[in-house]
Amino acid sequence: MSMESEIKTRFGGFWNSLILFVVIVICLRFSSLELAAESLAERVHCAIHLFLGCVAAGVLLGILRIFLAFSNQTYTRAPASANFVSGLKYGIVGGGLLILIVGVLQLNNFLGVFQPIINGLLAKLTSIFA
C-alpha cells in the first residue's frame, strides 16, 4: 500500500477521527487552563504547539518502528509505510495521553465534573504505594 492509503486506513473512520478529536480537545483544554490570563490567540497558539509536539512524537516513533522492523524476517515484516503510519498514530495518542496526565496532576479542574472522581482514584492509588 502507498503512504496515502495507509494514512487513510489508519486515520480514517469514525473511531480514529474521534481519537484525534479527543487529542485536539485535550491540547485546547490544557492551553486554555494553563494560559487563562492570556489572550485567545496565545491559547490557540499554545494548543497548536502542543498538538504539533504530539505529531513530532508520532513521527519519531514512526521512524523508530521502521528501524526496528528491519530485524524481522522479510516475510513477516510489514511495509515501511504501514510501520511509519502506525507509529505516527501511536505517537499522537501517546503524546495526548501524556498531556492528559500532566493536566490532571497539575491543573485544578482539568476534567471538570470528573475531576473529583480522578482525585479520589489518585488518592487511593497513592495510599496503596505510600
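Residues numbered from 1 in each chain as written. Predicted model: local features only at pLDDT ≥ 70, side-chain atom pairs only at ≥ 80, totals over all residues. Heavy atoms only, no water.

(A) Region of the structure containing the side chain of Ser31. Counting through the fold element by element, Ser31 comes out in helix 2 (residues 14–34). A polar contact is formed between the side chain of Ser31 and the backbone oxygen of Leu28, at a distance of 3.0 Å. At 3.0 Å, the side chain of Ser31 and the backbone oxygen of Arg43 are in polar contact. Sequence-distant contacts of Ser31, that is, excluding residues within four places in its chain, are made with Arg43, Cys46, Ala47 and Leu50. (Helix = DSSP H or I, 4+ residues; strand = E, 2+ residues; numbered from the N terminus. Polar contact = N/O pair within 3.5 Å; in protein donor to acceptor, adjacent residues only side chain to side chain. Contact = heavy atoms within 4.5 Å.)

(B) Structural view of the environment of Ala82. Relative to the elements of secondary structure, Ala82 occurs in helix 4 (residues 80–106). By relative accessible area, which is 9% here, Ala82 ends up buried. Separated by 73 residues in sequence, Ala82 and Thr9 place their C-alpha atoms 9.7 Å apart. If near-sequence neighbours (up to four positions away) are discounted, Ala82 is found in contact with Glu6 and Arg10. (Buried < 20%, exposed > 50% of the residue type's maximum accessible area, 1.4 Å probe, protein only.)

(C) Region of interest: the packing of aromatic side chains. Here the structure, examined in full by the defined rule, presents 2 aromatic pairs. Ring centres 5.0 Å apart and planes at 75° place the aromatic pair Phe14 and Trp15 in the edge-to-face group. Assessed through its relative accessible area of 62%, Trp15 is described here as exposed. Note on Phe30 and Phe110: the rings are 6.4 Å apart at their centroids and 70° apart in plane angle, and the pair reads as edge-to-face. Linking Phe30 in helix 2 with Phe110 in the loop between helix 4 and helix 5 (115–129), this pair joins segments that are 80 residues apart in sequence. (Phe/Tyr/Trp six-rings, centres within 6.5 Å; stacked < 30°, edge-to-face > 60°.)

(D) Structural detail: the packing of helix 1 (residues 3–11) against helix 4. The geometry of helix 1 relative to helix 4 is characterised by a closest axis approach of 9 Å and an angle of 35° between their N-to-C directions. Relative to helix 4, helix 1 is oriented so that their crossing is right-handed. Of the residues in helix 4, those in contact with Met3, Glu6, Ile7, Arg10 and Phe11 of helix 1 are Ser81, Ala82, Phe84, Val85, Ser86, Leu88, Lys89 and Ile92. Of the residues assigned to the contact of helix 1 with helix 4, the class counts are 8 nonpolar, 2 polar and 3 charged. (Axes fitted to C-alpha atoms, helices over the stretch in contact; angles between N-to-C directions. Left-handed = near helix turned anticlockwise from the far one by under 90°. Nonpolar A, V, L, I, M, F, W, Y, C, P; charged D, E, K, R; others polar.)

(E) Representation of the nonpolar core within the structure. Membership of the largest hydrophobic core comes to 14 residues, with the highest contact counts inside it found for Phe11, Val23, Phe30, Ile92, Ile99 and Phe110. Looking at which element gives the most residues to this core, the answer is helix 4, with 6 residues. Filtering out sequence-adjacent residues up to four positions away, Ile99 remains in contact with Ile26, Cys27, Phe30, Leu50 and Cys54. (Core = buried A, V, L, I, M, F, W, Y, C linked by side-chain atoms within 4.5 Å.)

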